Amino acid sequence: MRHILFLCLLMIWLPVSAQDRIEQAIDTSEQTTRESARSQARIDQLDDETRRKLEAYRQAIWERQQLEVYSEQLEELQRIQVQDVTRLREELAEVPLSEDDLMPLMLRMVNALQRFVEADLPFLQDERQQRLSSLKQMLGDAELSMSDKYRRVIEAYQIELDYGRGLASERTELEVAGRRVVVDLLRVGRVAMYFLSLDGGTAAIWDHTLGQWSELPATHRSMIRQGIRIAREVAAPELLELPVPAPGHAEDLS
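Fair warning: this is a prediction, and the values are worked out from it, not measured in the lab.

A. Representation of the overall build of the protein chain within the structure. Helix and strand content of the protein chain: six helices and five strands. Counting from the amino terminus, helix and strand elements in the protein chain follow one another as α-α-α-α-α-β-β-β-β-β-α. Counted over contacts in the protein chain with a minimum sequence separation of 6, partners at least 24 positions apart contribute 47%. For the protein chain, the computed accessible surface area is about 17,800 Å², with 54% contributed by carbon and sulfur atoms.

B. Representation of the nonpolar core within the structure. Formed by 17 residues in total, the largest nonpolar core has its most connected members in M106, L113, L135, L139, V153 and Y157. Elements represented by at least two residues in this core include exactly α3 (99-119), α4 (125-139) and α5 (146-162). Of the residues forming this core, the biggest block, nine residues, is contributed by α3.

C. Region of the structure containing α5. In a regular helix each residue adds 1.5 Å, so 17 residues correspond to 24 Å; α5 covers 24 Å between its end C-alpha atoms and thus fits that length. For α5, every residue scored as buried is listed here: M146, K149, V153, A156, Y157 and E160. Each buried residue of α5 sits inside an arc of 95° when the element is viewed along its axis, so together they form one side.

D. Representation of the sheet that holds strand β2 (residues 179-188). As summarised here, the arrangement of the five strands in space is β1-β2-β3-β4-β5, forming an open sheet in which the pairing is antiparallel. Every other strand in the sheet has two partners, leaving β1 (167-176) and β5 (212-215) as the edge strands with one partner each. The sheet shows a mean angle of 35° between the axes of neighbouring strands, taken without regard to direction. In this structure, β2 lies alongside strand β3 (residues 192-197), joined through six bridges in antiparallel fashion. Across the sheet, residue V188 finds its bridge partner in β3, namely A192.

E. Layout of the side chain of R187. Along the chain, R187 falls in strand β2. Reaching out from R187, the side chain makes a polar contact with the backbone oxygen of Y163 at a distance of 2.4 Å. A distance of 3.1 Å separates the side chain of R187 from the backbone oxygen of G189, its partner in a polar contact. Leave out the neighbours within four places in its chain, and R187 touches F123, Y163, G166, L167, A168, A192 and M193.

F. The arrangement of helix α6 (residues 221-231) in detail. Restricting attention to buried positions, one finds in α6 the residues I224, Q226, G227, I228 and I230. Each element contacted by the buried residues of α6 is listed here: β1, β2, β3 and β4 (203-207). E233 sits one or two residues past α6 and shows a positive phi near 60°.

Conventions adopted
- Residues numbered from 1 in each chain as written.
- Predicted model: local features only at pLDDT ≥ 70, side-chain atom pairs only at ≥ 80, totals over all residues.
- Heavy atoms only, no water.
- Helix = DSSP H or I, 4+ residues; strand = E, 2+ residues; numbered from the N terminus.
- Contact = heavy atoms within 4.5 Å.
- Areas by Shrake-Rupley, 256 points an atom, 1.4 Å probe, with all protein chains shown as cover.
- Core = buried A, V, L, I, M, F, W, Y, C linked by side-chain atoms within 4.5 Å.
- Buried < 20%, exposed > 50% of the residue type's maximum accessible area, 1.4 Å probe, protein only.
- Expected span 1.5 Å × (residues − 1).
- Arc of directions from axis to C-beta.
- Pairing = 2+ DSSP bridges.
- Axes fitted to C-alpha atoms, helices over the stretch in contact; angles between N-to-C directions.
- Polar contact = N/O pair within 3.5 Å; in protein donor to acceptor, adjacent residues only side chain to side chain.

Pasting the structure below:
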């Protein structure tokens, strides 16, 4: 402030040309200061952008690692299932069966499949029961060959086998606490089944022992929501931290 006052007093006594030079120097100094401020702002903006890009890069690396782990798990599961199917086909090929032997075998297979569905998690119940009814009617159809009947039974088994793979989600209506509600259902193979209310305010897990839904703490809602997104293929696969019911008696498909 004293320097500016001194310059002002000095300008009174200086010739006009000297005053012009001083004014130009002041303007140049102010312009330099403004340019420095703008340059610093651009530097700060670049720093923020760099930090955002670094964070996005780290997130992408983490997601890639999760995808690799998930992919390895699926490949191992698929390998085991392929071996099981191959082994069963080889065993069937080695057993000579006549038509008289084949019909009782198919009846036992359909009855075993029905017991399995009844003991399984309660998902797609109408669809699965309709398939079983169709199989029973088909076995009594005299116009169908034994090979067609056998193929249909094996296809039904294959469908049930596929239900045990990966995640699945559906929007359905359930009876919860004595009232009908529409929810988003999340099924993790045949390990566990969850639902999330449409408003996101209620989450529950199917308690197979009690045969009913048990409400979960609010801390699990976001993970169930993410699982639903993954099942619908609108989010990348990742590891889900969800409660799993204690293992119980499993019905055998035989």
